[in-house]
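Each chain, letter by letter, is given below.
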Amino acid sequence: MLIPFYIVENIMIDAYFLDKLTHSEDRVLLVKKGKQGLPSGEIGPIPYNLVILYIEEGFRATEEAQHTSLRLSEILESIFYNQSVYMRNREREIMEKTMKKIFRDLYSKLLSILKDSPKYDLTWHDISVRGTELLFDGEADKVYTRLYLNDNRFREEVDRLTKQGKPY
């Protein structure tokens with residue numbers, strides 16, 4: 001199936017699945033390095049102004065996301081009974097904080113590019129499913145595959161498109 005993408009300053013933004021993710025903060029994952037694809041496809045893009053609004057919404061969701069701090073009882077319990085549990089929980093907490101900062105920085109940069117550059121191109125790229133792997137222009141794509149495996153809403157939409165061939 002051919003999916004539309006906006007290209008802005010050598011950045012390619014998915015113009016179909018952007019609003020079909022369970023968690024809006026994951027929208028930044030649908031941004032890729034720009035490359036020219038096909039000039040048209042059957043699936044129409046989300047209007048460009050909505051793409052900017054969805055990216056802003058994803059940025060706000062990243063800002064508002066609550067990380068899970070360890071409770072005092074978890075700390076005491078894991079220190080006295082199982083230190084590896086404490087270390088695993090601390091690693092998870094650090095990873096969440098790090099990912100939040102990375103996402104926030106990516107969103108900030110993306111929004112400045114989108115707002116400063118009113119010019120864009122529209123292109124279509126082929127996305128297909130092979131087993132549990134998503135292919136982007138015939139090659140395995142780790143990000144789309146991860147979303148396919150972990151995001152039910154995204155997976156349902158991909159499955160619906162691949163069964164019908166087009167969204168409507």
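Shown above is the structure to which this text applies.
We now turn to the structure provided with this report. (Residues numbered from 1 in each chain as written. Predicted model: local features only at pLDDT ≥ 70, side-chain atom pairs only at ≥ 80, totals over all residues. Heavy atoms only, no water.)

### Considering the environment of lysine 101
Rules: Going along the chain from the N terminus, every DSSP run of H or I of four or more residues is numbered as a helix, and every run of E of two or more is numbered as a strand.
Here lysine 101 is to be found in helix α3 (residues 83-116). For the pair lysine 101 and threonine 62, spaced 39 residues apart in sequence, the C-alpha separation works out to 8.6 Å.

### So, the sheet that holds strand β6 (residues 139-140)
Applied cut-off: Only strands joined by at least two bridges in the DSSP assignment are considered to pair. Contacts: residue pairs with any heavy atoms within 4.5 Å of one another. Angles run from 0 to 180 degrees between N-to-C directions of axes, and those axes are lines fitted to C-alpha atoms, restricted for helices to the stretch in contact.
The sheet built from six strands is open, its strands ordered β3-β2-β1-β4-β5-β6 with antiparallel pairing. One side of each edge strand has no neighbouring strand; the edge strands of this open sheet are β3 (31-33) and β6. As judged from the six bridges shared by strand β1 (residues 2-8) and strand β4 (residues 121-130), these two strands associate in the antiparallel manner. Paired with isoleucine 7 across the two strands is aspartate 121, which belongs to β4. Relative to the sheet, helix α4 (residues 142-150) contacts β1, β2 (11-14), β3, β4, β5 (133-136) and β6, its axis offset from that of β5 by approximately 145 degrees.

### Concerning the nonpolar core
As a reminder, the rule being used: Each nonpolar core is a collection of buried residues, namely Ala, Val, Leu, Ile, Met, Phe, Trp, Tyr and Cys, held together in the definition by side-chain atoms within 4.5 Å. Residue exposure (1.4 Å probe, protein chains only): buried if accessible area is under 20% of the type maximum, exposed if over 50%, otherwise partly exposed.
In terms of nonpolar packing, the biggest core is built from 39 residues, with Ile3, Phe17, Ile127 and Phe154 touching the most fellow members. With six residues, α3 is the largest single contributor of residues to this core. Apart from residues no more than four positions distant in its own chain, phenylalanine 154 is found in contact with Phe17, Lys20, Leu21, Leu134, Tyr144, Leu147 and Tyr148.

### Some remarks on the environment of proline 47
Note on placement: proline 47 falls in the loop between β3 and α1 (48-64). Classification of proline 47 by relative accessible area gives partly exposed; the value is 42%. As for proline 47 and alanine 15, which are separated by 32 residues in sequence, their C-alpha atoms are 7.9 Å apart.

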